[in-house]
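Here is how the chains run, residue by residue.
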Amino acid sequence: MAQAKHTAVMGATGAVGSRFLRILEERNFPMKSLKLLASERSAGKKLKFRGEDIPVEVLGHDSFKGVELVLSSAGASRSKEFLPSAVKAGAVCIDNTSAYRMDKDVPLVVPEVNPHAVKRHKGIIANPNCSTIQMVVALHPIHKVAKIKRIVVSTYQSVSGAGQKKVVENFLQSVSIVRDSRGFEVGRHNVKKDEVKEFPHQIAFNLLPHIDVFLDNGYTKEEMKMVNETRKIMEDDSIAVTATAVRVPVFFAHSECVNIETEKKISADEAREILKNSPGVIVMDDPKNNVYPMPLDAEGKDEVFVGRIREDESVKSGLNLWVVADNLRKGAALNAIQIAEIL
Ligand code: NAP
Ligand code: 3JM
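Numbers given for residues are sequential positions, taken from 1 along each chain in its written order. Note on labels: chains are lettered from A, ligands numbered from 1, in written order. Note on the predicted model: pLDDT of at least 70 is required for a residue's local features to be given, and 80 or more for side-chain atom pairs to be given and counted; whole-chain, interface and lining totals, by contrast, use all residues. Hydrogen atoms and water are omitted, and side-chain values are computed over all heavy atoms in the structure.

Any two strands are treated as partners once DSSP identifies two or more bridges connecting them. Under the scheme used here, helices are H or I runs from DSSP no shorter than 4 residues and strands are E runs no shorter than 2 residues, and both carry numbers assigned from the N terminus. Sheet architecture is open: 7 strands sit in the order S3-S4-S2-S1-S5-S6-S7, paired in mixed fashion. The sheet is open, and its two edges are formed by strand S3 (46–49) and strand S7 (124–126), each paired on a single side. Geometrically, the sheet is characterised by an average inter-axis angle of 25° between neighbouring strands, direction not taken into account. As paired elements, strand S6 (residues 92–95) and S7 share 3 bridges and run parallel to each other. Paired with Asp95 across the bridge in S7 is Ala126. Helix H2 (residues 76–88) contacts strand S1 (5–10), strand S5 (69–72), S6 and S7 of the sheet and is inclined by roughly 160° relative to S6. Most of the contacts of helix H8 (residues 329–342) go to S6, to which it runs at about 155°, and overall it touches S5, S6 and S7. A fitted line through C-alpha atoms represents every axis, and for helices the fit uses only the stretch in contact; the resulting angles, taken between N-to-C directions, go from 0 to 180 degrees. Residues count as neighbours in contact if any of their non-hydrogen atoms are within 4.5 Å of one another.

What follows is the structure, encoded as structure tokens:
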């Protein structure tokens, strides 16, 4: 059990922040006090925690006096600006954003994979990207046995990964189409231009092969997060990784189609056995009975669900897997709280 600390949640009013509060309650996380931080937009708001109304305070450099643990999810630029002040004030920060993940002085931790890395921290510990977390939880046990040479991953990421406003936009666009019975003819399930505000294109009844910004190499930043973070967490720069990240109109939980090539041949049955005995993984793999994980199965759950495990018949030693997890829980808040529990 972690030692009780004066704790602050940065970004408490957001999609990840609300999961922080829920999971801290569920796990009865020991705390001496809890401070909720967000932007000026939330000044005066109160959030319920353990039956109490806690006021939201506006984040500032002086927010961290006496704070010992910061759980941060207010966006990368806020982390860059404010976490150094938190560290100066003596806090350990677990950061959910991409701000520090690839910094060599900052451990990037998934407790099922590299818990030992926590010890190296100098005040900040980074929580990986949601898609990376669920993939490495499923792949690390296989890597230990068969050594993964190459990973080809395509993601199907829910709108909640992009924040609370995006969840609402997907809902409003869907309602707008269904209400007007516009969806039954080709070309009639488009929303009006002014209904597209949060994503670059309509998300309802559509999907966008575009998450985070495009980089000079033609990949998106989200895709390159998966490449670089995977190698850092698995502590193996020899693993080749290539990713395509796609936003889908699912509210909660990310799914991934993962293809791996391994040095040692491993059968689908062996992989299933290994994963059944791996921490944080639930195997749901009985296709004859239509059993495979779906986002609705993973929503609200802590584990990473794996199914559709089969040998890749196009190579000497390879596997295909389908991996699903709640992006706001294991992909964000839960993983960060598990790191805090290691501390
Ligand atoms: P969200 O629903 O949009 O919430 C953003 C939160 O940040 C809100 O609490 C917001 O406060 C706060 N915030 C925004 N600007 C601020 C400012 N200038 N000062 C103080 N607080 C500010 O987004 P989310 O989905 O919770 O994600 C938040 C961040 O967490 C993301 O940007 C990302 O970096 C990270 N994230 C990580 C993962 C992961 O996989 N590890 C997954 C999702 C998100 P107001 O309500 O007052 O605006
Ligand atoms: C900013 O689903 C997603 O969009 C990924 C989560 C996310 C991140 C992240 O964790 O990498 C959303 C928005 C970031 C970021 O760069 O910190």
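More follows now that the structure is in view.
Turning to the side chain of Ser63, a few remarks are in order. By the secondary structure assignment, Ser63 is in the loop between strand S4 (52–58) and S5. Note on classification: 1.4 Å probe, protein chains only; a residue is buried when its accessible area is under 20% of the maximum for its type, exposed when over 50%, partly exposed between these limits. Taking the relative accessible area as the measure of exposure, Ser63 reaches 5% and is therefore buried. N or O atoms within 3.5 Å of each other form a polar contact, as long as, within protein, one can give a hydrogen and the other can take it, and as long as residues adjacent in sequence are counted only when both atoms are side-chain atoms. In terms of polar contacts, Ser63 uses its side chain to reach the backbone amide nitrogen of Gly60, at 2.8 Å. Here Ser63 is in contact with Lys35, Leu37 and Val58, once residues within four sequence places are set aside.

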